[in-house]
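Coordinate inspection notes
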Amino acid sequence: MDRRNFIKSSCGLCAAIGSGFLLTSILQSCATSLGVVKTSADNNNLVKIPLSDFEQSSTKIVRVNNYNYDLAVLKHTDGTYHAMVLMCTHAGQPLTKTGDTYYCTLHGSQFDKDGIVLKGPAEKTLIHLPVRTENDNLLITLVR
Amino acid sequence: MHLNSHNLTMRKITLLSFGILLFTQSLFAQQQFKQTPAQQLIANTGEDSLNSGLSTHARTVISGYGDVSYQRDFNEKTATVNLNRAVLFVGHQFSSKIAFFSELEVEDAKVAGGEPGGEVSMEQAYLKFALNPRQYIVAGLFIPRIGILNENHLPINFNGVERPLVESFIIPATWREIGVGFYGQTATAPFTYSVALVNGLNSAAFEHGSGIREGRAEGRLGGANNLAITASVQYFAGNFKFQVSGYAGGTNPLSPRQSDSLQLSSGFMGTPLYLGEADIQWANKGFSAKALGTIISLPDASSVNRAYANNVAEQMYGAYAELAYNLFANAHSNRWKTQQLNIFARYEMFDMNASIPSNGVYDGTEKQSHLIAGFGYLPLPNVVIKADVRLMHTGPQNPDLVLNPNPSALPYNQNNTFLNIGIGYSF
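In this report, we go over the structure that sits alongside the text. (Residues numbered from 1 in each chain as written. Chains lettered and ligands numbered in written order. Predicted model: local features only at pLDDT ≥ 70, side-chain atom pairs only at ≥ 80, totals over all residues. Heavy atoms only, no water.)

**A few points about the pattern of salt bridges**
The line we're drawing: Salt bridges are defined as contacts in which a side-chain nitrogen from Lys or Arg sits within 4 Å of a carboxyl oxygen from Asp or Glu. Relative accessibility under 20% of the residue-type maximum defines a buried residue, over 50% an exposed one, and the middle range a partly exposed one, all with a 1.4 Å probe and only protein chains included.
For the coordinates displayed, the defined rule picks out 12 salt bridges over all chains. Of the charged contacts, one joins Arg63 of chain A and Asp70 of chain A as a salt bridge, the two residues approaching to 2.9 Å between their closest N and O atoms. The salt bridge involving Glu134 of chain A is made with Arg132 of chain A; its shortest N-O contact spans 3.4 Å. Its relative accessible area of 38% is what places Glu134 of chain A among the partly exposed residues. Relative accessible area serves as the criterion here: at 40%, Arg132 of chain A is assigned to the partly exposed category. A single network of salt bridges, built from pairs that share partners, joins Asp67, Arg85, Glu105, Arg176, Arg216 and Glu218 of chain B.

Written out as structure tokens, the structure reads:
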């Protein structure tokens, strides 16, 4: 490859990557928020979330500091809650929230809002974590 | 008379298919999967999953997938059966951050010395390094995110006994190469991305009639003088999933000296090939739809033809659209809700010589359209029984491409019908 072609190719590549980043930022700006709550666990592996966080939306993605997976926390219409680890039960891949379902990009498994398998190859329901309410907070016990 | 016997065969096969379906349904209906509280506890704590980060213990997982099919060709009046593939997946979690994944594939059931057919290959074998819950790096032999089927090719996750043809003839799924990839999703939005650097294709191996498929190295002694970059973005909005992916890479793995003698450009992007793809998927209340379009450009096709006389095209394209409905999606009884009976129709079109260089020979048979309609019954999400009919139409045959014509050969028929019946599984 001569110098001119090399420069042309390099510029083309840079333009393509630049366009990608531009597209990314445009899409991000109009993206639907996942409703992410960032928090940490205490020494007893307990995660505390104010119940008021669920006033606007019944589903929250909880991101715990130093934990390898996000959690999905859902408030039911009867006022109870459940928390699931967003880890595909097939091969341990982190899941992506897609509308009301959770999707594994690795092999295509899909889970419904309660963690039940809609599409394989996963066979098992998502891991549910123990939850309880206390003083206007939701307490989730992490499994490590 | 001929038509009557044709219809009779079709009718017999259809009746047999439905018989098998009803029998299997009743079999599974009798086996309601009820777990004891202890079993539920084990299931819900993921005791036997490849569980990174949720346990300090190393874990190994074995799983797999496969499919078997029957196909009747109505023009040829022949039928074949084949164990298309049986794949063994082995994964191992070394630590909370590092894992290994592999897929070992046997195609067509058997590989015997000196006999055609059959293949044993590694479909994937790579290490995965998790950076955080949303980003990771893969290194080794892996399948880049190009199109829908390439990454998600399990038989339970696509409609039809055969894989979508556009993603076999234009995007050569399953397309795996050796390289390094970076995958992730944004922190607060349903937006994923990937970018990977892999070994390039080999244009010397491109064959007329199979697009770029034979140019893949698939992990076996691939040339690394030429490389390729592939990237994708996915966006999830409600019940929609959008994806755009691309590939740009050199197709000449030869040294500069060899390349000069063949008058081919060499280096990282020597004799470049570009692929673009976009798709959209939607699912709601049992209905689902998907559409995909892809285009390939090989600007130096005339140089490749001059060097290797393999009659490759400058441009190829393909597209398909599919509509499906799960008849059990809105059932009230749990017995039916846990099963799926997906009926679907898909229209595919592609042209493997959409644009040819001056030294190429146009082949009308490479411009094809297919209408596929059928069903897939999933008694549970990991097992499928499928049946469909495919109506094929191609352009006319170019007599210049028929070398040593058989004097007893029938005239080329631009239309054909295929009946497919198959089973598939994954776990």
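Additional details are given in the paragraphs that follow.
**What about the packing of aromatic side chains?**
Residues and elements named next belong to chain B. Definition in use: Stacked, tilted and edge-to-face pairs are distinguished by plane angle, under 30 degrees for stacked and over 60 for edge-to-face with tilted covering the rest, among Phe, Tyr and Trp rings (Trp via its six-membered ring) whose centres lie within 6.5 Å. Only when the NZ atom of a Lys or the CZ atom of an Arg is both within 6 Å of the ring centre and within 35 degrees of the ring normal do we say a charge sits over the ring.
Overall, the coordinates contain 15 aromatic pairs over all chains when judged by the stated rule. Between Tyr235 and Phe242, the ring centres sit 6.4 Å apart and the planes meet at 20°, which makes this aromatic pair stacked. By relative accessible area, which is 9% here, Tyr235 ends up buried. These aromatic residues form a ring-pair network of at least three members: Phe89, Phe101, Tyr126 and Phe142. Over the ring of Tyr320 we find Arg346; its NZ or CZ atom is 6.0 Å from the centre of that ring.

**What to know about the sheet that holds strand E12 (residues 137-141) of chain A**
Residue and element names in this part refer to chain A. Heads up, the condition is: Only strands joined by at least two bridges in the DSSP assignment are considered to pair. Secondary structure elements are taken from DSSP: a helix is a run of H or I of four residues or more, a strand is a run of E of two residues or more, and numbering for both begins at the N terminus. Lines fitted to C-alpha atoms define the axes here, with helix axes fitted over just the stretch in contact, and angles between the N-to-C directions of these axes take values from 0 to 180 degrees.
Spatially, E2-E12-E11 is the arrangement adopted by the 3 strands of the open sheet, whose pairing is antiparallel. Looking at strand neighbours, the two that pair on one side only are strand E2 (46-50) and strand E11 (131-134), the edges of this open sheet. Neighbour-to-neighbour, the strand axes of this sheet turn through a mean angle of 25°, independent of strand direction.

**So, the environment of Glu366 of chain B**
Residues and elements named next belong to chain B. Here is the rule: By definition in these notes, contact holds between two residues if any of their heavy atoms fall within 4.5 Å. In protein, a polar contact means a hydrogen-donor-capable atom and an acceptor-capable atom, both N or O and within 3.5 Å, with residues adjacent in sequence counting only if both atoms are side-chain atoms; elsewhere, any N or O pair within 3.5 Å suffices.
Structurally, Glu366 is set in the loop between strand E13 (340-355) and strand E14 (367-380). Judged by relative accessible area, which is 5%, Glu366 ranks as buried. Along the sequence, Glu366 and Phe169 sit 197 residues apart, while their C-alpha atoms lie 9.7 Å from each other. If we ignore the near neighbours within four places in the chain, the residues touching Glu366 are His208, Gly209, Phe350, Asp351, Met352 and Asn353. A distance of 3.5 Å separates a polar atom in the side chain of Glu366 from a polar atom in the side chain of His208. A polar contact is formed between the side chain of Glu366 and the backbone nitrogen of Gly209, at a distance of 2.6 Å.

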